[in-house]
Amino acid sequence: MPAVQQPQWPDSGDLERALKQISTFPPLVFAGEARSLQAALGQVASGNAFLLQAGDCAESFEEFTAVNIREKLRIILQMAVMLTYSMGVPVVKVGRIAGQFAKPRSANTEKVGNIDLPVFRGHMVNDPAAHEDARRPNPDRLIQAYHQSASTLNLLRAFTKGGFADLNRVHAWNQEFVATSAEGQRYEQVAGEIERALAFMRACGVDTETNSALHQVDVYTSHEALILGYEEALTRQDSLTGGWYDCSAHMLWIGERTRQLDGAHIEFLRGVGNPIGCKIGKETNVDFVLNLCETLNPSRIPGRLTLITRMGADHVVDALRPLLRAVRDTGHPVVWACDPMHANTFTAPNGRKTRHFDDIIREITGFVLAHRAEGTWPGGIHIELTGENVTECLGGAEAVSNEDLDTRYETVCDPRLNARQSLDLAFRVTELIRDKK
Ligand code: PEP
Ligand code: CO
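Not measured: the values here are computed from a predicted model. (Residues numbered from 1 in each chain as written. Chains lettered and ligands numbered in written order. Predicted model: local features only at pLDDT ≥ 70, side-chain atom pairs only at ≥ 80, totals over all residues. Heavy atoms only, no water.)

*Asks:* What should I look at first to understand empty space enclosed by the protein in this one?
*Replies:* Any space left empty among the atoms is revealed by the rolling of a water-sized probe across them. Taken as a whole and assessed by the stated rule, the structure comprises one cavity of 30 Å³ or more. Counted as a void, the largest cavity has a volume near 120 Å³. Around the largest cavity, the lining comprises 16 residues; the ones closest to its centre are D56, S60, E63, N68 and K72. Going through the elements one at a time, α3 (66-87) and α5 (140-161) are the ones with two or more residues in the lining of the largest cavity. Residue contributions to the lining of the largest cavity peak at three residues, all from α3. A class-by-class count of the residues in the lining of the largest cavity yields four nonpolar, six polar and six charged. (1 Å grid on protein atoms, 1.4 Å probe; cavity = no way out; pocket = protein on both sides within 12 Å on 5 of 7 lines; lining within 4 Å. Points joined across faces, edges and corners; volume = space filled by probe spheres on them. Helix = DSSP H or I, 4+ residues; strand = E, 2+ residues; numbered from the N terminus. Nonpolar A, V, L, I, M, F, W, Y, C, P; charged D, E, K, R; others polar.)

*Asks:* I would appreciate a short explanation of the nonpolar core in the present structure.
*Replies:* Across soluble globular proteins, you tend to see nonpolar side chains buried next to one another. Of all hydrophobic cores here, the largest spans 98 residues; its most connected members are F50, L52, Y187, L307, W336, L417 and L425. Considering every element that reaches this core, the biggest residue donor is α3, with eleven residues. In contact with L52, other than residues within four places in its own chain, are I76, M79, A80, L83, V91, V92, K93, V94 and I381. Membership of the second largest hydrophobic core comes to 28 residues, among which are A98, V125, A145 and L153. (Core = buried A, V, L, I, M, F, W, Y, C linked by side-chain atoms within 4.5 Å. Buried < 20%, exposed > 50% of the residue type's maximum accessible area, 1.4 Å probe, protein only. Contact = heavy atoms within 4.5 Å.)

*Asks:* Even after reading the chapter, I still don't get the state of the cysteines, so can you show me in this structure?
*Replies:* Disulfides are covalent bonds that link the sulfur atoms of two cysteine residues. Within the structure shown, the criterion is met by zero disulfides. Here C293 is not cross-linked by a disulfide; its sulfur's nearest cysteine counterpart is in C278, at 9.4 Å. Distance from the sulfur of C413, which forms no disulfide, to the nearest cysteine sulfur (C57) is 3.7 Å. (Disulfide = S-S within 2.5 Å.)

*Asks:* I tried to follow the packing of aromatic side chains on my own but got confused; where do I start?
*Replies:* Aromatic rings considered in pairs are described by the distance between their centres and by the relative angle of their planes. This structure, assessed with the given rule, holds four aromatic pairs. Residues F50 and W377 carry aromatic rings whose centres are separated by 6.4 Å and whose planes lie at 75 degrees to one another, so their mutual orientation is edge-to-face. Highlighted residues: F50 in strand β1 (residues 50-55) and W377 in the loop between α13 (357-374) and β14 (380-384), separated in sequence by 327 residues. The exposure classification of F50 matches that of W377, with both residues buried. Ring centres 5.0 Å apart and planes at 45 degrees place the aromatic pair F159 and F164 in the tilted group. The exposure class of F159 is buried, given its relative accessible area of 16%. Owing to a relative accessible area of 12%, F164 belongs among the buried residues under this scheme. (Phe/Tyr/Trp six-rings, centres within 6.5 Å; stacked < 30°, edge-to-face > 60°.)

*Asks:* It is not clear to me how the pairing of β1 should be interpreted in this structure. Could you clarify?
*Replies:* A regular strand places its side chains so that they alternate between the two faces of the sheet. Counting buried residues along β1, six of its six residues qualify, which places the element largely inside the surrounding structure. Read as a crossover between parallel neighbours, the route from β1 over α3 to strand β2 (residues 91-96) is right-handed. Relative to β14, β1 runs parallel, the two being bridged by five bridges. Counterpart to G55 in the pairing with β14 is E384. (Right-handed = clockwise from strand over helix to strand, strands pointing away. Pairing = 2+ DSSP bridges.)

*Asks:* Teacher, can you tell me more about the site of ligand 1 here?
*Replies:* Around ligand 1 sit C57, R96, K103, P104, W253, G255, E256, R257, K279, R310, H342 and E384, and those are all the residues in its vicinity. In this structure, an oxygen atom belonging to ligand 1 sits 2.7 Å away from a side-chain N or O atom of K103. Between ligand 1 and the protein, one listed contact pairs an oxygen atom with a side-chain N or O atom of H342 at 2.9 Å. Here ligand 1, which alone exposes 290 Å², has 97% of that area covered by the protein. Taken together, the residues of the shell around ligand 1 break down into three nonpolar, two polar and seven charged. (Near = heavy atom within 4 Å. Polar contact = N/O pair within 3.5 Å; in protein donor to acceptor, adjacent residues only side chain to side chain. Areas by Shrake-Rupley, 256 points an atom, 1.4 Å probe, with all protein chains shown as cover.)

*Asks:* Whenever I open this one, the side chain of T309 confuses me. Can you help?
*Replies:* With respect to the secondary-structure elements, T309 resides in strand β10 (residues 305-309). The residues touching T309, leaving out its near neighbours within four places in the chain, are I280, L320, W336, A337, C338, D339, E363 and F367.

*Asks:* Explain the coordination of the cobalt ion (ligand 2) here, please?
*Replies:* The textbook angles at a metal center are 109.5 degrees for a tetrahedron of four donors and 90 or 180 degrees for an octahedron of six. Protein coordination at the cobalt ion (ligand 2) comes from C57 (SG), H342 (NE2), E384 (OE) and D414 (OD), with a distance range of 2.1 to 2.4 Å. Of note, the donors binding the cobalt ion (ligand 2) are all from one chain and are spaced C-x284-H-x41-E-x29-D. Pair noted here: H342 is in the loop between β11 (335-338) and β12 (345-347) and E384 is in strand β14, with a separation of 42 residues, a long-range link. The buried category is assigned to H342, whose relative accessible area is 19%. Classification of E384 as buried rests on a relative accessible area of 0%. (Donors = N, O, S within 2.8 Å, 3.2 Å for Na, K, Ca; no water.)

*Asks:* What exactly am I supposed to notice about the sheet that holds β10 here?
*Replies:* Pairing between sheet strands relies on hydrogen bonds along the backbone, with the strands arranged either parallel or antiparallel. The strand order around the closed barrel built from eight strands is β1-β2-β5-β8-β9-β10-β11-β14, with neighbouring strands paired in parallel fashion. This sheet shows a mean twist of 25 degrees between the axes of neighbouring strands, independent of strand direction. Pairing geometry for β11 and β14, over two bridges, is parallel. Bridge pairing links A337 to G380 in β14. (Axes fitted to C-alpha atoms, helices over the stretch in contact; angles between N-to-C directions.)

*Asks:* For this particular structure, what's the right way to read the environment of I364?
*Replies:* Tracing the chain through its elements places I364 in helix α13. When the C-alpha atoms of I364 and K20 are compared, they prove to be 43 Å apart, with 344 residues separating the residues in sequence. With residues up to four places along the chain from it excluded, the contact list for I364 reads C338, P340, I381, L425, V429 and L432.

The structure is reproduced here in structure tokens:
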């Protein structure tokens, strides 16, 4: 089947050797974990939990440090605890992390000065530097992506199970540059309430120090399953059930540019047991979405399929409502998640690709309104963010302005919310959902 968005690897022998090697490496995740995530997403599908999927647009081989991983986890934990506390439902946490290294692109080449260069396709394919050599796809990068994913996941597991994510440390997740901001103060207040609730539970005789539900969290991994050779090399048969799982991450998604019903990406993911996502743009029609549900989830397993809508702040209500209605009427148990980032991107006067915080909030608002109108559950959000104090998206409570964009613009692909904007967003979401519940 046609596989779009695949790199033109210069030497098929080198590619084969790299993939063969990866196919002998240990899997990154265990099938049982993918099933646990699917069960948790099943709760989201039925309106009893909320999905927070977040992380970089593209992970970087250059920004590969413990601090970077920790700060990303920290903001995800902060957002999740605020969402849990005010919505009163479990929050399923999924990172765009430990494998998010490949990017689909709208054009094969880009103009730099007077020359046409092949586009940057993510660090697992080539390098973003603006010269021909850097842009040549190199299969050794697939192996490097595997190793970076393995170490990232290792540290995530250590942090989430080893004490860093302990709810008793809720205050410690507030970074200094966040704590001094208005949203950081608001966080402190809620964290204080949580602390008092924990003290109350202790006074009642509940041991909050050893209770694993308070001491540990599950943070799952996900990425766009774009480079099919890599995904295939990590697809293994589960020894417990005999089923096939793509063990490069717990959850995989299909992007807006690769979701052809007769294409290789859908065909591949149809055959693995992981929970899967599919991006849905504003042009999508009812027939396509119903076809997608039947193709990817014929057995109607709750949590198997997440539809991630990315329609744009101005279009979301009108474009989404007919889809919600149609899927609801067929009884397909999908998770509906809102990606308010990808259809609200524009170029700022200084040439930087950016997004405005207000548009991002407007798309989430439209998403929630559409769900309320159709009686369906606005199941989650899908966000590009970083724990660092970057200036890539405009606006927010402590507004990033056009002039600020050059100060700390560090993304290797799309503009991300910084930790303050992300926390601000979490508060807005809790207000929206609480009001609409
Ligand atoms: C992405 O999630 O980074 C992305 C490229 O999204 P989409 O496929 O929706 O454009
Ligand atoms: Co992106």
